[in-house]
Amino acid sequence: MIPFNKPYITGTEIDYLRQVLQEGKLSGNGLFTKKCQTYFETRFEISKSLLTTSCTDSLEMTAILSGICPGDEVIMPSYTFVSTALAFVRQGAVIRFIDSCDDHPNMDIEQIEPLINSKTKAIVPVHYAGVACDMDRINQIGKKYGILIIEDAAQAIDSYYNGKALGSLGDFGCFSFHDTKNIQCGEGGLLAINNEVYNDRAEIIWEKGTNRSAFFRGQIDKYGWVDTGSSFLPSELTAAFLLAQLESLELIQKKRKILWQTYDSNLSDLVKREWFTIPSIPDYATNNAHSFFIVCNSPKERTELIHYLREHNIAAAFHYQSLHQSVYYKDKHDSRILPNSDKFTNCLLRLPLYNDLGEVEINTICSIVYDFFKLIQKY
Ligand SMILES: *Cc1c(COP(=O)(O)O)cnc(C)c1O
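Residues numbered from 1 in each chain as written. Predicted model: local features only at pLDDT ≥ 70, side-chain atom pairs only at ≥ 80, totals over all residues. Heavy atoms only, no water.

Asks: Kindly report on the overall build of the chain, identifying the contributing residues and their values.
Replies: Of the regular secondary structure elements, the chain holds 12 helices and 12 strands. In terms of overall size, the chain behaves like a compact globule, its C-alpha atoms giving a radius of gyration of 21 Å where 379 residues would be expected to give roughly 21 Å. Across its three principal directions, the C-alpha atoms of the chain cover 75 × 55 × 35 Å. Within the chain, buried positions represent 56% of all 379 residues. Sequence separation of at least 24 residues holds for 71% of the intrachain contacts in the chain that already meet a minimum separation of 6. As presented, the chain carries roughly 16,400 Å² of accessible surface, and 52% of it is formed by carbon and sulfur atoms. Both charge centroids of the chain, one from 37 positive and one from 46 negative side chains, sit 2 Å from each other. (Helix = DSSP H or I, 4+ residues; strand = E, 2+ residues; numbered from the N terminus. Rg over C-alpha atoms; globule rule 2.2 N^0.38 Å. Buried < 20%, exposed > 50% of the residue type's maximum accessible area, 1.4 Å probe, protein only. Contact = heavy atoms within 4.5 Å. Areas by Shrake-Rupley, 256 points an atom, 1.4 Å probe, with all protein chains shown as cover. Lys, Arg positive; Asp, Glu negative; His and termini not counted. Charge placed at Lys NZ, Arg CZ, Asp CG, Glu CD.)

Asks: Residues and numbers for a nonpolar patch on the surface, please.
Replies: A cluster of nonpolar side chains, contributed by Leu21, Leu26 and Leu237, occupies part of the molecular surface with about 240 Å² of accessible area. If you trace the backbone, Leu26 turns up in the loop between helix H1 (13–23) and helix H2 (31–43). Taking the relative accessible area as the measure of exposure, Leu26 reaches 36% and is therefore partly exposed. (Patch = residues over 30% accessible without salt bridge, like charges linked within 9 Å, V, L, I, M, F, W, Y side chains within 5 Å. Salt bridge = Lys/Arg side-chain N within 4 Å of Asp/Glu carboxyl O.)

Asks: So what about the site of the ligand? Which residues, and what values?
Replies: In the vicinity of the ligand, 15 residues are found, and the nearest of them are Thr56, Asp152, Gln155, Ser176 and Lys181. Residue Cys55 places a main-chain N or O atom 2.8 Å away from an oxygen atom belonging to the ligand. Within the side chain of Lys181, one N or O atom sits 3.2 Å away from an oxygen atom of the ligand. Protein coverage of the free-state accessible area of the ligand, which is 380 Å², stands at 93%. When grouped by side-chain class, the residues that make up the shell around the ligand number 5 nonpolar, 8 polar and 2 charged. (Near = heavy atom within 4 Å. Polar contact = N/O pair within 3.5 Å; in protein donor to acceptor, adjacent residues only side chain to side chain. Nonpolar A, V, L, I, M, F, W, Y, C, P; charged D, E, K, R; others polar.)

Asks: Please give an account of the side chain of Ser213 that cites residues and values.
Replies: Along the chain, Ser213 falls in helix H7 (residues 212–216). Residue classification places Ser213 among the buried residues on the basis of a relative accessible area of 6%. The contact partners of Ser213, leaving out residues within four places of it in the chain, are Asn29, Glu203, Trp206 and Glu207.

Asks: Outline the nonpolar core, listing residues and values.
Replies: Counting 48 residues, the largest nonpolar core has Phe40, Ile112, Ile123, Ile138, Ile157, Phe175 and Phe177 as the members making the most contacts within it. Among the elements of the structure, H1, H2, helix H5 (135–145), strand S9 (189–193), helix H8 (236–247) and helix H9 (249–272) are those that each provide at least two residues to this core. The element that contributes the greatest number of residues to this core is H8, accounting for 7 residues. Setting aside anything within four residues of it in sequence, one finds Phe177 in contact with Phe40, Leu51, Ile157, Ile183, Gln184, Cys185, Gly186, Glu187, Gly188, Gly189, Leu190 and Leu242. (Core = buried A, V, L, I, M, F, W, Y, C linked by side-chain atoms within 4.5 Å.)

Asks: If you had to explain the side chain of Gln253 to someone new, which residues and values would you point to?
Replies: Looking at the element boundaries, Gln253 is found in helix H9. Gln253 sits in the buried class, given a relative accessible area of 3%. With residues up to four places along the chain from it excluded, the contact list for Gln253 reads Ile157, Asp158, Asn182 and Asn288.

Asks: If you had to explain the pattern of salt bridges to someone new, which residues and values would you point to?
Replies: Evaluated as defined, the whole model comprises 18 salt bridges. Two residues, Arg43 and Glu250, come together in a salt bridge whose shortest N-O distance is 3.1 Å. With Arg43 in helix H2 and Glu250 in helix H9, this residue pair connects regions lying 207 residues apart in the sequence. Using a relative accessible area of 33% as the deciding quantity, one classes Arg43 as partly exposed. Close ionic contact of Lys343 with Asp102 constitutes a salt bridge, the shortest N to O distance being 3.9 Å.

Asks: Let's hear about unusual backbone geometry: which residues, and what values?
Replies: The backbone of Asp158 sits at a positive phi, close to 60°, despite the residue not being glycine. Secondary-structure assignment places Asp158 in the loop between strand S5 (148–152) and strand S6 (160–161).

Asks: Talk me through the sheet that holds strand S10 (residues 276–277); I want residue IDs and the actual numbers.
Replies: With respect to topology, 3 strands assemble into an open sheet ordered S10-S11-S12, the strand pairing being antiparallel. If you trace the sheet from one side to the other, it starts and ends with S10 and strand S12 (348–351), each paired once. Strand direction decides the pairing type here: strand S11 (residues 292–296) and S12, joined by 4 bridges, are antiparallel. By the bridge assignment, Phe292 is partnered in S12 with Leu351. Of the strands in this sheet, S10, S11 and S12 are in contact with H9, which crosses S11 at around 20°. Running at roughly 20° to S12, helix H10 (residues 299–311) makes contact with S11 and S12 of the sheet. (Pairing = 2+ DSSP bridges. Axes fitted to C-alpha atoms, helices over the stretch in contact; angles between N-to-C directions.)

Asks: Quick one: what's the story with the packing of H2 against H8, residue by residue and with numbers?
Replies: Their axes nearest at 8 Å, the elements H2 and H8 cross at an angle of 40°. Seen from above, H2 lies across H8 with left-handed handedness. Across the interface between the two elements, Leu31, Phe32, Thr33, Lys35, Cys36, Tyr39 and Phe40 of H2 pack against Glu236, Ala239, Ala240, Leu242, Leu243 and Leu246 of H8. (Left-handed = near helix turned anticlockwise from the far one by under 90°.)

Asks: Which residues make up the packing of helix H3 (residues 55–65) against helix H6 (residues 199–206), and what are the values?
Replies: For the pair H3 and H6, interaxial distance at closest approach is 10 Å and the crossing angle is 125°. Here H6 runs oblique to H3, going by the angle between their axes. In this structure, H3 crosses over H6, and the sense of that crossing is right-handed. Facing Met61, Ile64 and Leu65 of H3, the residues of H6 in contact are Arg201, Ala202, Ile205 and Trp206. (Parallel < 35°, antiparallel > 145°, perpendicular 65-115°, else oblique.)

Below is the structure:
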């Protein structure tokens with residue numbers, strides 16, 4: 001069986017984990033946490049970052065920092081992971097979901113401004129598959145109305161918008177190191193704070209509402225409870241594992257991009273024949289090879305293709321039920337229909353992509369995809 005995903009282990013994780021055990025400092029905000037944060041800050045030009053236990057946690061921190069109150073509104077795409085919305089719903093926000101673009105799951109920026117009103121507090125662009133949303137335009141809208149921009153950069157490590165790292169462009173950027181992402185530590189995340197107004201409060205919220213970080217820096221002589229917050233910081237074990245991964249970023253990315261290109265060159269002929277589409281990448285965006293996906297011409301074809309691949313021992317995956325159609329939110333959504341989001345929900349298919357996958361296996365997967373479309377003889 002070719003699995004859909006297989007978390008990659010670089011081999012140096014174990015050495016760093018051993019170091020943590022030897023040093024005996026296992027709780028968070030230690031040496032390895034600082035090294036991961038410094039890595040991010042220097043490599044991706046982020047002024048302040050905090051390691052978290054998940055991207056969900058990073059998003060929750062931004063919801064607190066934004067001062068979202070019950071009834072406030074947040075604009076985001078419907079085609080995204082639950083956490084993007086959940087983090088704000090927990091603060092009582094009303095989510096105004098917008099549609100995806102016709103030719104890409106990223107949100108259609110034209111739909112943002114008509115939804116803005118006095119209750120709008122934040123816009124959350126999601127860089128789907130690591131492909132940038134048009135951040136200059138989104139930031140302009142944010143400035144014009146005084147609304148915060150929070151990038152869901154969960155899939156977007158080492159991807160760029162006009163040369164600038166995703167996650168470094170909005171007021172906040174939220175990354176994930178879940179084991180399905182390019183760089184992983186099982187469960188983990190990072191909050192990038194690009195608007196320094198929030199630096200101090202972010203640290204307090206991160207450390208259970210205490211000013212413990214300032215205390216450790218010697219800025220105050222005792223620490224205590226000063227704000228709301230939670231335990232958003234991971235242990236040093238997680239950070240040590242993550243540092244090993246970050247230090248292999250270039251190797252990991254190089255391999256993923258080769259695999260992505262192999263899919264692309266194998267399937268481009270079938271795309272020309274319009275058997276399915278592969279979303280285009282805008283000129284301002286890069287491709288970090290987070291995911292290789294095709295969009296089938298009908299839900300039926302996608303279902304049949306998944307089964308056909310499975311019969312041939314290949315696990316392909318689809319994801320994201322439009323959140324405006326979800327059990328939890330459909331009654332709270334207004335009446336707008338979001339057809340592109342529904343199209344990607346029903347027709348998008350992700351093919352296996354992970355570091356230990358070989359080019360030979362990709363050739364096999366592509367020829368089975370080809371066989372399927374020949375077999376249904378529709379084309
Ligand atoms: C993976 C993902 C998340 C959640 O990340 P966790 O680290 O698992 O909390 C949020 N948003 C998007 C777009 C994701 O892909």
